[in-house]
Amino acid sequence: MEITKVGIIGAGTMGNGIAQACAVAGVGVVMVDISDAAVLKGVATVASSLDRLIKKEKMTGVDKDAALARIQTSTDYAALQGAQLIIEAATENYELKLKILKQVDAIAGPEVLIASNTSSISITKLAAATSRPGHFIGMHFFNPVPMMALVELIRGVQTNDATHDAVRALALRLGKSPITVKNAPGFVVNRILVPMINEAFFVLAEGLATPEDIDAGMKLGCNQPIGPLALADLVGLDVCLAVMEVYLQEFGDSKYRPCPLLKELVAAGHLGRKTGRGVYTY
């Protein structure tokens, strides 16, 4: 199956980033969210991102207009008709994702593939809640989607080869570098990354060093392009906390307990760049 049209549920950071990657690659997009304001904000974010590419001379104004023309928006799931793949890109919350996937499953034809952009929730479990578990896969993009090359393709127990191969072909068309992983909490990258971020919060909470020195140490000592605390602000502290809570629940191992400081900052609404304040102030 060649995927020429993609439906995206969610016009937030990940959803509009996926929409941009698809549209720039010549793939048609339908981006759906709960309100006109949400989808308009998503398209505006894409337009702003494309403007930055024009300033860097990586894109022309004609290219921008063509990409934006490939993005349709709606608040009605019926607009997803005609998409060969529908990607759920909602907040990292199991109950919310389950609700969305059941709605998508009900309106999509039996041949339509469904993917979840989850960063930690079981693909096997999500697939089992649909009528097409063989046509279900994890397609985990990384933030910022237009810039990050990696896509994790997560095969649930039920995911068939045709689904995997079609979604992998799409990822390659988008200019991404897909890796295939088995289903497990956090998959590969976040299984390693988020506990490291959580440990950085423990180091900060214990007063071993300032945020700046912690980040500088990891950048200079481990050759990371961005420190773990700054990365947490970029990803969203609430997302980091949600992932750690999934690990703790799924593995039942205390080594995955979220740092109390991380929980406190989230409770205070200091979620990182998206709220203007996290570990750092923006």
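Our structure's up above, just so we're on the same page.
Quick caveat: nothing in here was measured; it's all calculated off a predicted structure. (Residues numbered from 1 in each chain as written. Predicted model: local features only at pLDDT ≥ 70, side-chain atom pairs only at ≥ 80, totals over all residues. Heavy atoms only, no water.)

Engineer: Just checking my understanding: could you explain the packing of aromatic side chains for this structure?
Structural biologist: Aromatic ring pairs are defined here through the distance separating the ring centres and the angle between the ring planes. This structure, assessed with the given rule, holds three aromatic pairs. Centroid distance Phe251 to Tyr256: 5.0 Å. Interplanar angle 25°. Geometry classified as stacked. An aromatic cluster is defined as three or more aromatic residues linked by ring pairs; in this entry it consists of Tyr247, Phe251 and Tyr256. Its end group placed over the ring of Tyr94, Lys125 keeps NZ or CZ at 4.4 Å from the ring centre. (Phe/Tyr/Trp six-rings, centres within 6.5 Å; stacked < 30°, edge-to-face > 60°. Lys NZ or Arg CZ within 6 Å of the ring centre and 35° of its normal.)

Engineer: Looking at this structure, I do not really get the layout of surface pockets. What am I missing?
Structural biologist: Think of a ball as big as a water molecule: rolled over the atoms, this probe shows where empty space is left. Each pocket or cavity is described by its volume, and for the second largest pocket that value is around 260 Å³. Lining of the second largest pocket is provided by 13 residues; of these, Tyr94, Ile121, Val246, Gln249 and Glu250 occupy positions nearest its centre. Here the lining of the second largest pocket spans two domains, and each of domain 1 (5-182) and domain 2 (190-275) adds at least three residues to it. (1 Å grid on protein atoms, 1.4 Å probe; cavity = no way out; pocket = protein on both sides within 12 Å on 5 of 7 lines; lining within 4 Å. Points joined across faces, edges and corners; volume = space filled by probe spheres on them. Domains from an automatic or database assignment.)

Engineer: What's the story with the nonpolar core in this structure? I'm lost.
Structural biologist: Grouped burial of nonpolar side chains is what soluble globular proteins tend to show. Counting residues in each nonpolar core, the largest one holds 35 residues, and the members touching the most others are Val6, Ile18, Leu85, Ile87, Met139, Phe141 and Leu170. It is helix H1 (residues 13-24) that contributes the most residues to this core, six residues altogether. Sequence-distant contacts of Phe141, defined by excluding residues within four places in its chain, comprise Met14, Ile18, Ile87, Asn117, Leu150, Val151 and Leu174. (Core = buried A, V, L, I, M, F, W, Y, C linked by side-chain atoms within 4.5 Å. Buried < 20%, exposed > 50% of the residue type's maximum accessible area, 1.4 Å probe, protein only. Helix = DSSP H or I, 4+ residues; strand = E, 2+ residues; numbered from the N terminus. Contact = heavy atoms within 4.5 Å.)

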